[in-house]
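Structural description and commentary
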Amino acid sequence: MTVAAPQETDSKRATLESALEAARLTEIPSPLACLGVARAYVELDEAKEAIKWCAQVVKSGLDYRSWDAAGRILKRLYPEFAPIARRSARLAVIGSYTTDQLVDLLRLAAAERGVHLDIYESGYGQYQQEILNKESGLYAHDPELVVLAVHEGDLELPDYSPSPDETVKQEVVRWEGLWARITDNTNATVIHTSFVKRPEDPFGHLSSKLAGSRSSMVAAVNSQLGDLAPKEVAILDCERLAANLGKGRWFDDRYWHRSKQAVAFDALPTMARDISAMIGAQLGMTRKCLVLDLDGTLWGGIIGEDGMDGIRIGHGFDGEAFAAFQEYVLSLKDRGVVLAVCSKNDEATARKPFESHPDMRLSLNDIATFQANWRPKPENIRRIAESLGLGLDAMVFVDDQPAEREVVRQALEMVDVIVLPEDPSRYVETLARYPHFESASYTDEDNRRTESYRARNQAFEARDKADSLDDFLRSLDMRATIQPFDDFHLARIVQLIGKTNQFNLTTRRHNQAAVQEIIERPESIHLYLKLRDRFADHGLVGIVMGTNEGQVLEIDTLLMSCRVIGRTVEVALVGELAARARDLGYKSLRGVYRPTDRNGLVAGLYESLGFQLESETAEETVWSYELDKNPIDSQFVTTEVS
Amino acid sequence: MTVDDRLLHIFRDVLDDPNLVLTSATTAADIEEWDSLAHVTLMFLIEQEFGIQFAGEEFARLEDVGALQTLVEAKAGLQH
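Computed from a prediction, not measured in an experiment: that's the story for all the values here. (Residues numbered from 1 in each chain as written. Chains lettered and ligands numbered in written order. Predicted model: local features only at pLDDT ≥ 70, side-chain atom pairs only at ≥ 80, totals over all residues.)

**Structural notes on the overall build of chain A**
Looking only at helices and strands, chain A has 26 helices and 18 strands in total. Relative to a compact globule of 642 residues, whose C-alpha radius of gyration would be 26 Å, chain A shows 27 Å and is just as compact. Seen through its principal axes, chain A has C-alpha atoms that stretch 75 × 70 × 70 Å. Taking all 642 residues of chain A together, the buried fraction comes to 46%. Restricting the contact set of chain A to residue pairs at least 6 apart, pairs at least 24 apart contribute 72%. (Helix = DSSP H or I, 4+ residues; strand = E, 2+ residues; numbered from the N terminus. Rg over C-alpha atoms; globule rule 2.2 N^0.38 Å. Buried ≥ 20, exposed ≤ 12 C-beta atoms within 10 Å, placed from the backbone. Contact = placed C-beta atoms within 7 Å.)

**Topic: the overall build of chain B**
Scanning chain B for helices and strands turns up three helices and zero strands. Along chain B, helices and strands appear, N-terminal first, in the series α-α-α. Taking 80 residues into account, the globule formula puts the C-alpha radius of gyration at 12 Å, and chain B, at 12 Å, falls close to it. Taking the principal axes of the C-alpha coordinates as reference, chain B spans close to 30 × 25 × 20 Å.

**Considering the environment of glutamine 101 of chain A**
When you line up the elements, glutamine 101 of chain A lands in helix H5 (residues 100-112). Take glutamine 101 of chain A: there are 22 C-beta atoms within 10 Å of it, and that puts it in the buried class. Sequence-wise, glutamine 101 of chain A and glycine 575 of chain A are 474 residues apart; in three dimensions their C-alpha atoms are separated by 53 Å. Glutamine 101 of chain A has contacts with Phe265 and Leu268 of chain A together with Thr41 of chain B, leaving out every residue within four places of it along the chain.

**Quick word on helix H25 (residues 569-583) of chain A**
Relative to the 21 Å expected for 15 residues at 1.5 Å per residue, H25 of chain A spans 22 Å between its end C-alpha atoms, a close match to the ideal helical length. Immediately beyond the C-terminal end of H25 of chain A, within one or two residues, lies glycine 585 of chain A, with a positive phi of roughly 95°. (Expected span 1.5 Å × (residues − 1).)

**A few points about the sheet that holds strand S8 (residues 367-373) of chain A**
Residues and elements named next belong to chain A. Here we have five strands laid out as an open sheet, ordered S8-S7-S6-S9-S10, and parallel in their pairing. This sheet does not close on itself; its edge strands, each paired only once, are S8 and strand S10 (416-419). Strand after strand, the sheet turns through a mean of 20° between neighbouring axes, direction not considered. Relative to S8, strand S7 (residues 338-344) runs parallel, the two sharing six bridges. Across the sheet, serine 343 pairs through a bridge with alanine 372, a residue of S8. Contacts between helix H17 (residues 377-388) and the sheet are confined to strand S6 (289-292), S7, S8 and strand S9 (395-399), with S8 contributing the most and set at about 150° to the helix. (Pairing = 2+ DSSP bridges. Axes fitted to C-alpha atoms, helices over the stretch in contact; angles between N-to-C directions.)

**Things to note about the interface of chain A and chain B**
Of the residues lining the interface, twelve residues belong to chain A; the matching set on chain B comes to ten residues. In terms of residue count, the dominant contributor to the side of chain A that touches chain B is helix H4 (residues 64-81) of chain A (six residues).

**Focus: the pairing of strand S14 (residues 552-560) of chain A**
Residue and element names in this part refer to chain A. Counting buried residues along S14, seven of its nine residues qualify, which places the element largely inside the surrounding structure. Relative to S14, strand S13 (residues 537-549) is paired through eight bridges, and the arrangement is antiparallel. By the bridge assignment, isoleucine 543 is partnered in S14 with leucine 559. Once S13 ends, the chain turns through two residues before running back antiparallel as S14, passing glycine 550 with a positive phi of about 70°. Two elements, S14 and strand S15 (residues 588-593), share four bridges in a ladder whose sense is parallel. The residue bridging glutamate 554 from the neighbouring strand is arginine 590, located in S15. After leaving S14, the chain enters H25 and then returns to the sheet as S15, a path that is right-handed. (Right-handed = clockwise from strand over helix to strand, strands pointing away.)

**Side note on the nonpolar core**
All names here are of chain A. Ala38, Cys54, Ala70, Leu108, Val146 and Ile191 are the most contacted members of the largest nonpolar core, which has 103 residues in total. Both of domain 1 (1-67) and domain 2 (85-282) provide at least three residues apiece to this core. Other than its neighbours up to four places away in sequence, cysteine 54 contacts Ala38, Ala70, Ile73, Leu74, Leu108 and Ala111. Leu290, Ile311, Leu529 and Trp623 belong to the second largest nonpolar core, which has 93 residues in total. (Core = buried A, V, L, I, M, F, W, Y, C linked by C-beta atoms within 7 Å. Domains from an automatic or database assignment.)

**Quick notes on the sheet that holds strand S2 (residues 115-121) of chain A**
Residues and elements named next belong to chain A. Strand order in the open sheet formed by five strands is S2-S1-S3-S4-S5, with parallel pairing between adjacent strands. Of all the strands in the sheet, just S2 and strand S5 (233-236) have a single pairing partner and so form its edges. Neighbour to neighbour, the strand axes of the sheet diverge by 25° on average, direction disregarded. As defined by bridge partners, strand S4 (residues 189-193) adjoins S5 across four bridges and the pair is classed as parallel.

**Brief notes about unusual backbone geometry**
Positive phi, normally seen in glycine, also occurs at threonine 507 of chain A, with a value near 45°. Along the chain, threonine 507 of chain A falls in the loop between helix H23 (490-499) and helix H24 (512-520). A positive phi angle, close to 55°, is found at aspartate 16 of chain B, a residue other than glycine. Mapped onto the fold, aspartate 16 of chain B is located in the loop between helix H1 (5-14) and helix H2 (36-50).

**Notes on the packing of H4 of chain A against H5 of chain A**
Residues and elements named next belong to chain A. Running from amino to carboxyl end, H4 crosses H5 at an angle of 70°, the nearest separation of the two axes being 8 Å. Classified by the interaxial angle, the pair formed by H4 and H5 is roughly perpendicular. Between H4 and H5 the crossing geometry is left-handed. Here Trp67, Asp68, Ala70, Gly71, Arg72, Leu74, Lys75 and Phe81 of H4 come into contact with H5, specifically with Asp104, Leu105, Arg107, Leu108 and Ala111. Residues that form the contact of H4 with H5 fall into these classes: seven nonpolar, one polar and five charged. (Parallel < 35°, antiparallel > 145°, perpendicular 65-115°, else oblique. Left-handed = near helix turned anticlockwise from the far one by under 90°. Nonpolar A, V, L, I, M, F, W, Y, C, P; charged D, E, K, R; others polar.)

**Focus: the packing of helix H2 (residues 31-43) of chain A against helix H3 (residues 47-59) of chain A**
All names here are of chain A. Relative orientation of the contacting elements H2 and H3 amounts to 165°, with a least axis distance of 8 Å. One finds that H2 runs roughly antiparallel with respect to H3. As for the relative orientation of H2 and H3, their crossing is left-handed in sense. Only Glu49, Ala50, Trp53, Cys54, Gln56 and Val57 of H3 make contact with H2, whose side of the interface consists of Pro31, Cys34, Leu35, Val37, Ala38, Tyr41 and Val42. Of the residues that constitute the contact of H2 with H3, the class distribution is eleven nonpolar, one polar and one charged.

**Points about H3 of chain A**
Residues and elements named next belong to chain A. In this model H3 runs 19 Å from its N-terminal to its C-terminal C-alpha over 13 residues, within 8% of the 18 Å that 1.5 Å per residue would give. Among the residues making up H3, those that are buried are Ala50, Ile51, Trp53, Cys54, Ala55, Gln56, Val57 and Val58. Where H3 ends, the next residue or the one after it, glycine 61, has phi of about 140°, a positive value.

**Let's talk about the environment of serine 213 of chain A**
With respect to the helices and strands, serine 213 of chain A occurs in the loop between S4 and helix H9 (214-228). With 23 C-beta atoms counted inside 10 Å, the residue serine 213 of chain A sits in the buried group.

**Notes on the environment of glutamate 46 of chain A**
Residues and elements named next belong to chain A. In this structure, glutamate 46 sits in the loop between H2 and H3. Under the C-beta neighbour-count criterion, glutamate 46 is labelled partly exposed, with 15 such atoms within 10 Å. It is 48 Å that separates the C-alpha atoms of glutamate 46 and valine 571, two residues lying 525 residues apart in sequence.

In structure tokens form, the structure reads like this:
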């Protein structure tokens, strides 16, 4: 490498400075400004900063040209991204149309989430061959995720069928068969892109009355595939994406005929962004908590100045819009997003509308933790995260004030900040468009999550008051139910395995098939733990799986939901595992701790349980526990076993 | 003929070279990155930028940048 002359470096620095200045002109830097900064960093050989600014384009909108340009720069610098990425995954993209551009944008969208993708791409239209041939590049790549990028034109459906039930069934079976081939031959999760109904149908409006019209059959195929999709198959709802964008923009037949692009370029950024959100969900990176500002966000006006009868909610010129926003927030909560309040207000004043304003949709029971004070918001958001046992990378902050958003962005890079438009009528649309609450599954636990986090926060506050940790833990009156895995709880178990980061000793992301396989192994032990305390029913929060290694039971997986970290519940779970292992004739337990950047919390877990260190490398520490020693007993958790 | 600035910037973005120099005699053969995949993207972005649509064989590779620019200007109703 040649060393640049000093004056050359100076001029590159000056270019960078003016590019950065242009980026500061708007709250969210424009895509062109981001590209300018990225290119200036490329010139200075500062790849990491260049990558960061390429990824910033994703936050600046969904404009194809700038995504494409940023995607190209990123592609060139990609080897430099791997070491700084938060996560990485092996991905395959196989499709019925040209996917080169989609892949470039996917790389970019995933980079914005901190995810490095090792991508295998099949040739155009190769998806069936790739799936059916066991020797194909798809399987050689050993993917963790497979994007099945297929389009409506590839459906084997006539314009009209006299026996639509049969025709649809046949097509559904074909896709199920392809899915099954992938899941049989890999441990991958499939992301299937659903089929978008064409804007035209020879029957016109009549087609909606005819079950045999192609439009009706496409809808039926989508609907049945959604019903039948197993855990290992996630579905990207392209019909919704196309509807949001406008089908006139989703379809551009000129580009289909010329170069086999079934999804128009214009539509690719939104598609890539949502696929990256689904990838994030599969990697356990779903955002879990929405932190809400109050004045100007949940109601119009300022409660501290305008008072209870002065704030606008439910009526007033924009009160209905605020009510609609609260209703949407409430429905997010009902599907598992935890809500928190972070407001610059006196606490009693801020709580008042929640307690007694007749038109408020949200009540205090919906809010897991409530921070109203005069401290800086970043500090309060940190405290919210801590009290809920969540990482900052699980938090999303929404505020109508640009200055507050800026402070949070600067201080807490990991927190996603939603920029509300000025008109509250557009709040719902803005929040709904935020993609990273996407989660891989939905169970009854999700529905109860706020209750549980709220209890955790009350417990957190109780801990402040309790004389000692022991007193606090005892006061919780914790009761655990520990049982072998059963079909009824399998979905929740696989979900926890997929997303638990902090209290996770080995971070092995087994899918459902892998869990089944371990269950079926002779002499394996698999237990889940459900927890109740005097505040709440936390549901299923812990999992342990041990496999037979001769006289040793090897702990393959041990994890706890972050809701119950710090409560010694794991002692009860490992204690039960040890008791069962002893009954089966095992001589010892072996536990492995494999460090990641998230699970430092449990580095010393086995030691604290009385295990002895067997060996230690950079990748793992191995611990063992002789079962003739004293049983492992929890002081604070009463166990009910069956 | 000097190459239109908007056209030049599209080429620079798509071919990922901020210092790219084009003349009206430049052809796809002169630039390694200007392959068939890049060509499709170029044509799409030119259509968007100038509010035009290429039809039929216009979409295929043109002789050189000069011919492309002449076509774009004619379709967009631009005068020199």
